[in-house]
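# Overview (structure and organization)
Below are the chains, spelled out letter by letter.
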Amino acid sequence: RNCEGYHKSKDKTGKRNEMTLTNYWWLLIWLFTGGIVLAAYFPKHREMVNGKMETRWGLVPAVLMAVPYIVWAGCRNDGFGDTAAYRGAFAEAPSSFSEITAYLNTITKDKGFYGTVAVIKSIFNINDVGCFLLLAGFQILVVVWLYRKYSSYYWISFFLFIASTDYMSWVQNGVRQFMAVTIALVATPFMLKKKYVIAIIVILLASTMHQSALLLIPFMLIASGKPWNRKTILFLLLALIAILYVGKFTSLLDNAMQETQYANMVNDWTSWGDNGTNPLRVLIYSMPAILSFIGLKYIQEANDPVINLCTNMSVITAGIYLVSMVTSGIFIGRLPIYASLYNYILLPWEIEHIFMKKSARLVTVAMVGAYCGFFYYQMHFVWGLV
């Protein structure tokens, strides 16, 4: 018997799958209903975070909040994004350890991801849905860990991750790159403690999943230090120069990528008619950086290492998205994800600390409404899912 909002579908083995999401409004419905129930029955508690006592959601309700999204990602439709391609990759992966080496010799890039899929298939002897569940479980639980540990308001941070459609874009689409992103997020405590050697080792591991993870090394170095420091300002200025001289920038980028897996990237996005990232998306993802500039004195007074890092990551996010708006949404527009997830820690903190108490409530309501509107725009007008 099906639940409302689901339909039966067949996986590659021919078995019925009863948990495929067809009514995508459930992504928001569970956020609000589940959030209210979990907040009511599971009290928050105090714990040490980066040397300070903070109020946080408990681990159990934080994970329970995320469980439906893991299930929906594992049981998703072939019709969205690259799902069919990932099912094909799973089908091609060997199901025994003795064949993995020979299989990886046929893979030309991002061997870490395909090796992981082969290991999962060999160990657990599961179908593609089971593999998707394990991959989504790892990815989403890392996001849960990040926001539960470092966000002053876990629910809002997780809401922003879902309502911004990052969940759909990455957990249900760009799985290979998001594996790299979530592994790289594990380096966050080392960045905060300035243990850069360990952080770089984690990032190098992430790059075996997707080579673009290497970008987090310069991002990390730029984001270290005070909020809106000289490095972040210089980065933003370089982004603006790239926009003003976009022709020369794309030529330089094309030459720089020739010896990498992204060779002919500029020609590809031109031939595909990629006109860049939607300006509305650029505005949405740049708002935390804009607010951080407006309320910089409050951020400086707090001098919280987590918020300092998130502030500088938000500037990096805005800079890359601005460049992607005049170049490529498919290629350049996929790079800010290594920095933009920190926006969802920063934004609730900004609302709480920059605005007066009554104003903060109104701004929070307006923010939730705006992101729900953006969710509808992206899901209905862009993807045609609702």
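Below or above, wherever it landed, is the structure these notes cover. (Residues numbered from 1 in each chain as written. Predicted model: local features only at pLDDT ≥ 70, side-chain atom pairs only at ≥ 80, totals over all residues. Heavy atoms only, no water.)

### So, the overall build of the protein
- Each helix and strand counted, the protein has 21 helices and 4 strands in total.
- The C-alpha radius of gyration computed for the protein amounts to 21 Å, which stays within 12% of the reference 21 Å derived for 386 residues, consistent with globular compactness.
- Projected onto the principal axes, the alpha-carbon positions of the protein cover approximately 60 × 55 × 40 Å.
- The buried share of the protein, taken over its 386 residues, is 53%.
- A separation threshold of at least 6 residues defines the contact pool for the protein, and within that pool the share at least 24 residues apart is 72%.
- When the accessible surface of the protein is split by element, carbon and sulfur atoms take 64% of a total near 17,600 Å².
- For the protein, the distance from the average site of its 31 positive side-chain charges to the average site of its 20 negative ones is 8 Å. (Helix = DSSP H or I, 4+ residues; strand = E, 2+ residues; numbered from the N terminus. Rg over C-alpha atoms; globule rule 2.2 N^0.38 Å. Buried < 20%, exposed > 50% of the residue type's maximum accessible area, 1.4 Å probe, protein only. Contact = heavy atoms within 4.5 Å. Areas by Shrake-Rupley, 256 points an atom, 1.4 Å probe, with all protein chains shown as cover. Lys, Arg positive; Asp, Glu negative; His and termini not counted. Charge placed at Lys NZ, Arg CZ, Asp CG, Glu CD.)

### Here we look at the environment of Ser292
- Mapped onto the elements of the fold, Ser292 is located in helix H16 (residues 279-294).
- In this structure the C-alpha to C-alpha distance between Ser292 and Cys310, which are 18 residues apart in sequence, comes to 9.8 Å.
- Here Ser292 is in contact with Trp228, Ile299, Thr311, Ser314, Leu346 and Glu350, once residues within four sequence places are set aside.

### Comments concerning the state of the cysteines
- Tallied over the entire structure, the rule returns 0 disulfides.
- Cysteine Cys131 is unpaired, with the sulfur of Cys75 as its nearest cysteine sulfur at 13 Å. (Disulfide = S-S within 2.5 Å.)

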